[in-house]
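Here are the chains, one letter per residue:
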Amino acid sequence: MEIIAQHHTLFLVMAVAFGLFMTWGMGANDVANSMGTTVGCGAITVRQAVVLAAVMEFMGAYFAGGAVADTLSTGILDRTHFVPVPHLLMFGMIGALLATGIWLMIATLRGWPVSTTHTIVGALGGVGVAALGLDGVRWEMMGGIVVSWFVSPVLGGIVSLLLMLSIRRLIFNTRDPLKQARTWGPLYAFLVGWMVSLVAITRGLGHVNIVVGSVKGHLLALAIGGLAAFWARLMMNRPRIDEHASDRAAIYAGVERLFIPQMLLTGAAMAFAHGSNDVANGIGPMAAALQIIETRVVATTSPITPAILMIGGLGIVVGVITYGYKVIATLGHRITELTPTRAYCATIGAALVTVAASGFGLPVSTSHIVVGAVMGVGIARGIGALDLRVLTGIVVSWFVTVPVGAILAALIYHLLQASFS
C-alpha cells in the first residue's frame with residue numbers, strides 16, 4: 001500500500017508505457033495473422049495491407065475488444081490470494097506486459113511469427129507462480145485456455161475446408177463457373193459481414209458505452225451483411241473476363257480474378273477479428289495494474305474503459321505501421337500456395353472462429369487459427385500441398401513461447417519487487 005502511494009505516478013507511467021510497448025509488439029508481429037493470406041494470394045500489396053490492417057485492427061480493438069480483456073485481467077491469476085498484498089499483483093501485471101513486449105520485439109526483429117496470446121498467458125502464469133507459488137494461478141482457467149489453443153486451429157481448419165469444398169462444388173465443378181461465382185460470391189460476403197458485425201454489436205459495444213438492443217442489433221448486423229453482399233456483387237462485375245473462353249483453365253483463372261476484390265472485405269474482417277481478440281493481451285493486464293494503482297486494493301473486476309481500449313488500439317496501429325511488414329509474408333507464402341479462392345476461404349474461416357471466440361471472451365491464439373485455416377484449404381488439395389517443414393517450425397515456436405514468456409516475466413517480477421521493496 002505504501003509502496004504504491006510513494007511511487008504512484010511512476011507506476012502509472014510504467015503500466016501505460018509497457019502496455020503500449022506490448023501492443024506495439026502485437027501490431028508488429030501478429031499483423032501477419034490478419035493480413036498474411038490476403039497478401040499471399042496477390043490481392044493487395046504489403047503497403048496496402050499495412051494501411052488496411054492499421055484501420056481495421058484499431059476498430060476491432062476498440063469496438064469489440066472488451067470481453068477477452070476481462071478474462072486476461074481477472075481470470076488467470078487467483079486474486080483472492082493477492083488481496084493482502086495488492087502491490088505484488090501490480091508488479092506481476094507490469095512484469096507480464098514488459099516480458100511479452102520484449103519477446104515480441106525480439107521475434108519481430110528476427111521475423112518470427114510467434115503467438116502473442118501464448119506469451120502473455122505464459123507470462124501471467126509465470127508471475128503468479130513467482131509471487132505466490134502454485135496457488136497464485138487459477139489452473140482451471142489456464143487449462144481451459146490451453147484447451148482452446150488446440151481446439152481453435154482445428155475449428156479454423158474445418159470451417160475453411162468446408163468453405164473450400166463448397167466453392168469447389170458450387171462454382172468450379174459446374175457448367176458455368178463464372179456465372180456461379182457471381183451468384184454465390186455475394187452470399188459468402190454476406191456471411192462475413194453478418195457474423196463479424198453481429199458479435200461486435202451484441203457483445204463488444206457495451207465496453208465503449210454503446211448499447212444496442214438485441215432485436216436492433218440483429219437487424220443492424222443483417223443490414224451490414226446485406227451491404228457487404230451488395231458491395232461484393234458490384235466488385236465481381238468490374239473485372240473484364242472472357243465469358244466465352246473454351247479453355248477450362250482460363251475459366252478457372254477468371255473465377256480467381258472475381259474473388260480478388262472480395263479479399264479486401266475478408267482481409268478487413270480478419271483484421272477486425274484479430275484486433276477484437278488480441279488487443280486484450282495488452283490491455284487486460286494494463287487495466288488490472290491501473291485499477292490497483294488507483295484504488296490500492298485488489299478488486300474482483302478491472303474496468304475496461306474506452307480510454308484503455310484506445311491505448312491498446314493505438315499501440316497496435318503503431319506496431320503495424322513501423323514493423324508489420326517484417327512478418328506479414330510468412331503465413332501468406334510459405335505454408336501452402338494460396339490462390340484468391342483458397343485465401344478467401346482461409347481468411348473467412350479464421351475470421352469467423354476468432355470473432356466468435358472474442359464474443360465469448362476466450363483468449364484464443366489467432367496464430368493457431370490462421371495456420372489451421374491455411375492448412376484446411378491446403379488439405380483440400382491433399383497433404384502434399386503443405387510445407388510440413390514450415391509448419392513444424394511454427395508449431396515448435398508456439399511451444400517455446402509459453403515457457404519463454406513465463407521465465408522472462410518471473411525474472412522481471414523479482415527485479416521489480418527487489419527495486420521497490
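The rules behind these values
Residues numbered from 1 in each chain as written. Predicted model: local features only at pLDDT ≥ 70, side-chain atom pairs only at ≥ 80, totals over all residues. Heavy atoms only, no water. Helix = DSSP H or I, 4+ residues; strand = E, 2+ residues; numbered from the N terminus. Buried < 20%, exposed > 50% of the residue type's maximum accessible area, 1.4 Å probe, protein only. Contact = heavy atoms within 4.5 Å. Areas by Shrake-Rupley, 256 points an atom, 1.4 Å probe, with all protein chains shown as cover. Axes fitted to C-alpha atoms, helices over the stretch in contact; angles between N-to-C directions. Parallel < 35°, antiparallel > 145°, perpendicular 65-115°, else oblique. Left-handed = near helix turned anticlockwise from the far one by under 90°. pLDDT = per-residue confidence, 0-100. Salt bridge = Lys/Arg side-chain N within 4 Å of Asp/Glu carboxyl O. Core = buried A, V, L, I, M, F, W, Y, C linked by side-chain atoms within 4.5 Å. Polar contact = N/O pair within 3.5 Å; in protein donor to acceptor, adjacent residues only side chain to side chain. Expected span 1.5 Å × (residues − 1). Patch = residues over 30% accessible without salt bridge, like charges linked within 9 Å, V, L, I, M, F, W, Y side chains within 5 Å. Phe/Tyr/Trp six-rings, centres within 6.5 Å; stacked < 30°, edge-to-face > 60°. Lys, Arg positive; Asp, Glu negative; His and termini not counted. Nonpolar A, V, L, I, M, F, W, Y, C, P; charged D, E, K, R; others polar.

Chemist: What exactly am I supposed to notice about the overall build of the protein here?
Modeler: Across its full length, the protein holds 16 helices and 0 strands. When each of the 421 residues of the protein is scored for burial, the buried share is 60%. Taking the contacts inside the protein whose residues are at least 6 apart along the sequence as the reference set, 86% of them involve residues at least 24 apart. Here the protein displays about 16,300 Å² of accessible surface, and carbon together with sulfur accounts for 69% of that area.

Chemist: Just checking my understanding: could you explain the packing of helix α5 (residues 86-110) against helix α11 (residues 280-295) for this structure?
Modeler: For any two helices packed against each other, the geometry is given by the interaxial angle and the distance between the axes. At their nearest, the axes of α5 and α11 sit 9 Å apart, and the two run at 150° to each other. The angle between α5 and α11 places the two elements in the roughly antiparallel class. With respect to the hand of their crossing, α5 and α11 are arranged in left-handed fashion. Here α5 contributes Pro 86, Leu 89, Met 90, Met 93, Ile 94 and Leu 97 to the contact with α11, which in turn contributes Asn 281, Gly 282, Pro 285, Met 286, Ala 288, Ala 289, Ile 292 and Ile 293.

Chemist: Teacher, can you tell me more about the confidence of the model for the protein here?
Modeler: Summing up the model confidence of the protein, the mean pLDDT is 80 and the portion of residues at 70 or higher is 82%. Across the protein, α5 holds the top mean pLDDT of 90, while helix α13 (residues 330-333) sits lowest at 52.

Chemist: I would appreciate a short explanation of the pattern of salt bridges in the present structure.
Modeler: Two side chains carrying opposite charge are able to pair once their charged atoms lie near each other. Scanning the entire structure with this criterion turns up 1 salt bridge. The salt bridge involving Glu 140 is made with Arg 138; its shortest N-O contact spans 3.3 Å. Classification of Glu 140 as exposed rests on a relative accessible area of 56%.

Chemist: Whenever I open this one, the nonpolar core confuses me. Can you help?
Modeler: Grouped together as the largest cluster of nonpolar side chains are 110 residues, with contacts concentrated most on Leu 77, Phe 91 and Ile 167. Take this core: its biggest share by element is 12 residues, from helix α10 (residues 248-278). Residues in contact with Ile 167, not counting those within four places in the same chain, are Phe 172, Tyr 188, Phe 259, Tyr 344 and Cys 345.

Chemist: Looking at this model, I keep getting lost on the side chain of Thr 341. Mind explaining?
Modeler: With respect to the secondary-structure elements, Thr 341 resides in helix α14 (residues 340-359). The exposure class assigned to Thr 341 is buried, which follows from its relative accessible area of 1%. A distance of 2.9 Å separates polar atoms of two side chains, one belonging to Thr 341 and the other to Glu 256. In this structure, Thr 341 is in contact with Met 164, Phe 172, Glu 256 and Phe 259, ignoring residues within four places of it in sequence.

Chemist: Whenever I open this one, α5 confuses me. Can you help?
Modeler: Note that an α-helix has 3.6 residues per turn; residues three or four places apart therefore point the same way. Spanning 25 residues, α5 covers 37 Å between terminal C-alpha atoms, matching the ideal 36 Å at 1.5 Å per step. Of all 25 residues that make up α5, 20 are buried, and the element is covered over most of its length.

Chemist: Honestly, the environment of Phe 18 in this entry has me stumped. Any pointers?
Modeler: Relative to the assigned elements, Phe 18 resides in helix α2 (residues 8-40). What makes Phe 18 buried here is its relative accessible area of 18%. Residues Phe 18 and Gly 95, spaced 77 residues apart in sequence, show a C-alpha to C-alpha distance of 8.6 Å. Ignoring any residue separated from it by four or fewer positions in sequence, one finds Phe 18 in contact with Ile 94, Leu 97 and Leu 98.

Chemist: Explain the environment of Gly 101 to me, please; I cannot follow it from the model alone.
Modeler: Among the structural elements, Gly 101 can be located in helix α5. In this structure, the C-alpha to C-alpha distance between Gly 101 and Trp 24, residues 77 residues apart in sequence, is 7.7 Å. Beyond its immediate sequence surroundings of up to four residues, Gly 101 is in contact with Phe 21 and Met 22.

Chemist: Help me out: how do you make sense of a nonpolar patch on the surface in this one?
Modeler: Where nonpolar side chains cluster on the molecular surface, the patch consists of Val 154, Ile 158, Leu 162 and Leu 165 and spans about 350 Å² of accessible area. When its relative accessible area of 38% is taken as the criterion, Leu 165 is described as partly exposed.

Chemist: Looking at this structure, how should I read the packing of aromatic side chains?
Modeler: We describe a pair of aromatic rings using the distance from one ring centre to the other and the angle between the two ring planes. Within the structure shown, the criterion is met by 7 aromatic pairs. Judged by centre distance (6.3 Å) and plane angle (85°), the ring pair of Tyr 188 and Tyr 344 falls under edge-to-face. Of the two residues, Tyr 188 is situated in helix α8 (residues 177-204) and Tyr 344 in helix α14; the sequence distance between them amounts to 156 residues. By relative accessible area, Tyr 188 is classed as buried at 8%. The class of Tyr 344 is buried, set by a relative accessible area of 0%. An aromatic cluster is defined as three or more aromatic residues linked by ring pairs; in this entry it consists of Phe 11, Phe 91 and Phe 420.

Chemist: Just to check I follow, could you spell out the side chain of Glu 256 for this structure?
Modeler: Inspection of the secondary structure puts Glu 256 in helix α10. Arg 342 provides the closest opposite charge to the buried, unpaired Glu 256, separated from it by 5.7 Å. Not counting chain neighbours up to four residues away, the residues in contact with Glu 256 comprise Phe 172, Thr 339, Pro 340 and Thr 341.

Chemist: I keep staring at helix α6 (residues 116-132) and nothing clicks. Help me out?
Modeler: Along its 17 residues, α6 runs 24 Å from first to last C-alpha, staying within 8% of the 24 Å computed at 1.5 Å per residue. Among the 17 residues that make up α6, 14 are buried, leaving the element largely enclosed by the rest of the structure.

Chemist: How should the packing of α11 against helix α12 (residues 306-323) be read in this particular structure?
Modeler: Two numbers describe how α11 lies on α12: the axes approach to 10 Å, and their chain directions differ by 135°. Compared by their axis directions, α11 and α12 come out oblique. Read as a crossing pair, α11 and α12 show a hand that is right-handed. From α11, Ile 283, Met 286, Ala 287 and Leu 290 reach across to α12, where they touch Ile 308, Leu 309, Ile 311 and Gly 312. In terms of residue class, the contact of α11 with α12 is made up of 7 nonpolar, 1 polar and no charged.

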